[in-house]
Amino acid sequence: MQLVVTDLSMGIGGRVLFEGLDFHAQSGEMVALMGPSGSGKSTLIGGIAGQIPIRKGLVAMEPSEAAIHWVFQSTPLLGRRSGLDNVALAAELRGVPREAALEDSRGLLLNLGLVGRLEVPSYRLSGGEKQRVAVARALMSEADVILADEPTASLDPDSRAQVLRGMRRAAETGAIVILATHDRWVAEQCDQVIELLAAPAEGGQD
Amino acid sequence: MRLAVAEALRNIWSARVVAVSLMLVASLTGAAVAVLTIAEVGRIALVTKQQEAAGAFAFQVVGPGGNRPSALGCEAIRALDGVVGAGGVMQTIPARFAIQPDVDLRVLSATPGFAEAAWVDLDGTRAAAVVVGSEFESLGLTRGSHVGYIGPDGTTKVIEVDLVADKAWMLGSERVLVFAAPPTGTVEACLVRASPEAASAVGDALVGWFGEGTSIQELLVRTSLMSDPQEFLSARISQYGWIAGSLVLAAILVGRWAARRAEFALYRLLGFRERALTLMFVVDLLVVCFLPAQLGATVAIGVSSPDTLTSSALLVDLLRLDVAMALIPLLGMLIFSNRSTIDALKGS
């Protein structure tokens with residue numbers, strides 16, 4: 001799996017956020033997108049996913065049929081359902097039978113430190129626990145590309161480290177992980193860091 | 001698709017207290033739609049029955065010049081559309097009870113259709129059967145009893161009672177014993193009972209049937225009860241009950257789905273296609289609203305045992321409710337198609 005971004009320009013309305021961006025990533029790599037608020041990190045992630053139109057340039061994936069999974073700053077979960085159910089669903093979507101999906105998900109969540117919290121309805125989990133469930137779900141989806149928009153923002157250091165461990169594990173299983181962050185420590189854990197400069201005008205999406 | 005169904009059911013189970021509360025509301029809504037129809041159409045049916053019992057739709061026909069109509073011709077009127085019963089009395093015999101000679105009675109030799117015309121609760125002609133009014137119950141007569149009467153010539157005849165019916169609307173409180181005989185000769189007058197909705201058409205047809213100069217008399221017409229049931233039915237309020245019911249159920253479901261907008265957006269993000277999401281809405285509709293509403297309506301119907309007229313009105317009203325409910329998932333899809341998946345997730 002390979003992601004190639006060539007001479008990419010994106011913006012919001014009449015405002016250009018960045019121009020001439022080039023980078024490439026391949027399976028197993030974690031790429032950090034760094035930059036101040038409004039520099040276009042979220043916009044770039046939306047552009048890679050095909051959700052936000054690009055102005056100029058090219059985003060290419062090889063092979064072109066790539067499964068993409070999103071992780072947000074506060075990733076929504078199926079609130080009344082347990083973390084275990086949330087993660088197992090990703091496996092069931094791949095055709096894994098229910099019982100096997102639950103078994104795999106249990107192991108994954110325990111590895112991410114959610115001991116004793118597997119059957120708790122998601123709305124009762126802490127922010128860090130929810131993010132770990134979201135990361136486990138991303139892992140379980142076996143997506144080719146994981147797009148994570150500020151996944152560790154507002155997490156305590158322990159939770160942040162566990163989420164990052166989950167991301168690394170996803171990369172080790174063959175995914176490309178693109179991660180927008182303000183956190184220098186998080187960026188240092190990645191294999192590649194893309195710095196976006198502040199856009200010329202005020203505002204913008206981030 | 002199986003996963004979509006399973007997920008919908010798991011979601012219902014995970015919030016079962018809420019789901020059961022909504023099911024209760026849905027079943028009450030279904031019951032309310034049914035009860036409204038049952039109550040209103042039941043009242044219309046009662047008025048119709050009262051009209052029939054009052055003879056509001058019966059005619060007594062005498063031939064031109066006061067001549068007795070033909071017995072066969074009178075019986076044949078039964079074939080006209082809207083005629084419920086037709087027959088006449090060929091002979092009236094004054095008589096006395098064999099066991100109580102001081103009690104007078106009349107024995108009517110009538111055509112087979114006469115009993116059906118004279119008693120509103122009888123169906124079908126009664127060839128060679130004997131029908132007596134409930135006035136005779138005090139004398140111990142029941143179905144299968146043998147009753148003897150002394151005719152004007154002093155001879156005693158014994159006949160077997162086929163039916164003890166309610167009081168006949170046109171025979172008053174006299175003690176009358178009617179036995180059916182093959183239609184021969186003429187009848188004193190031809191009694192024709194019509195269904196309420198066809199009464200005027202039958203009245204018009206009788207003139208053509210018996211010829212010019214025929215005397216047609218409407219019997220026991222109570223104008224205070226005269227009304228057209230079809231008019232009542234077409235103006236009834238309960239025919240709009242399904243609209244109120246479906247609005248309640250749509251509000252329940254759309255409110256429930258709107259509160260879970262991010263959840264559905266998440267399913268979409270995870271790879272559920274529109275068809276799978278629609279199926280989830282359908283399963284939610286079936287379990288939370290449709291089936292409970294049917295159950296509520298069924299219980300209401302079971303408790304009230306509606307008559308035929310009410311049952312047909314119920315069928316129409318409940319079918320309308322069902323069709324309206326079936327469209328609710330489309331409403332759900334419209335709501336969710338207006339917002340992008342990412343926006344819905346970020347806004348949650």
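The sections below set out a description of the structure shown in this document.

**Let's talk about the overall build of chain B**
Okay, so step 1: Per the secondary structure count, chain B includes twelve helices and ten strands.
Okay, so step 2: Of all 348 residues assigned to chain B, the portion counted as buried reaches 37%.
Okay, so step 3: Taking the intrachain contacts of chain B between residues at least 6 apart in sequence as the baseline, contacts between residues at least 24 apart amount to 81%.

**A closer look at the interface of chain B and chain A**
Okay, so step 1: Listed as interface residues are 14 residues of chain B and, on the opposing side, 13 residues of chain A.
Okay, so step 2: Those elements giving two or more residues to the side of chain B that touches chain A turn out to be helix H1 (2–14), helix H8 (261–270) and helix H12 (341–346) of chain B.
Okay, so step 3: The element that contributes the greatest number of residues to the side of chain B that touches chain A is H8 of chain B, accounting for five residues.

**Details of the sheet that holds strand S1 (residues 2–12) of chain A**
All names here are of chain A.
Okay, so step 1: As summarised here, the arrangement of the three strands in space is S2-S1-S4, forming an open sheet in which the pairing is antiparallel. Since the sheet does not close on itself, it has two edges, and those belong to strand S2 (15–26) and strand S4 (56–62), each with one partner. When the angles between neighbouring strand axes are averaged without regard to direction, this sheet yields 20°.

**What to know about the packing of helix H2 (residues 83–93) of chain A against helix H3 (residues 98–111) of chain A**
All names here are of chain A.
Okay, so step 1: At their nearest, the axes of H2 and H3 sit 8 Å apart, and the two run at 125° to each other. Comparing the axis directions of H2 and H3 gives the class oblique. Seen along the crossing, H2 lies across H3 with a hand that is right-handed. Contacts between H2 and H3 pair Gly83, Leu84, Val87, Ala88, Ala91 and Glu92 from the former with Arg98, Ala101, Leu102, Asp104, Ser105, Arg106, Leu108 and Leu109 from the latter.
Okay, so step 2: Residue composition of the contact of H2 with H3, by class: eight nonpolar, two polar and four charged.

**A few points about the sheet that holds strand S7 (residues 176–180) of chain A**
All names here are of chain A.
Okay, so step 1: As summarised here, the arrangement of the five strands in space is S5-S6-S7-S3-S8, forming an open sheet in which the pairing is parallel. Of all strands in the sheet, those bounded by a partner on one side alone are strand S5 (68–71) and strand S8 (192–195). Strand-to-strand twist in this sheet, taken as the mean axis angle between neighbours without regard to direction, amounts to 20°.
Okay, so step 2: Pairing of strand S3 (residues 30–34) with S7 involves four bridges; the strand directions are parallel.

About the cut-offs
- Residues numbered from 1 in each chain as written.
- Chains lettered and ligands numbered in written order.
- Predicted model: local features only at pLDDT ≥ 70, side-chain atom pairs only at ≥ 80, totals over all residues.
- Helix = DSSP H or I, 4+ residues; strand = E, 2+ residues; numbered from the N terminus.
- Buried ≥ 20, exposed ≤ 12 C-beta atoms within 10 Å, placed from the backbone.
- Contact = placed C-beta atoms within 7 Å.
- Pairing = 2+ DSSP bridges.
- Axes fitted to C-alpha atoms, helices over the stretch in contact; angles between N-to-C directions.
- Parallel < 35°, antiparallel > 145°, perpendicular 65-115°, else oblique.
- Left-handed = near helix turned anticlockwise from the far one by under 90°.
- Nonpolar A, V, L, I, M, F, W, Y, C, P; charged D, E, K, R; others polar.

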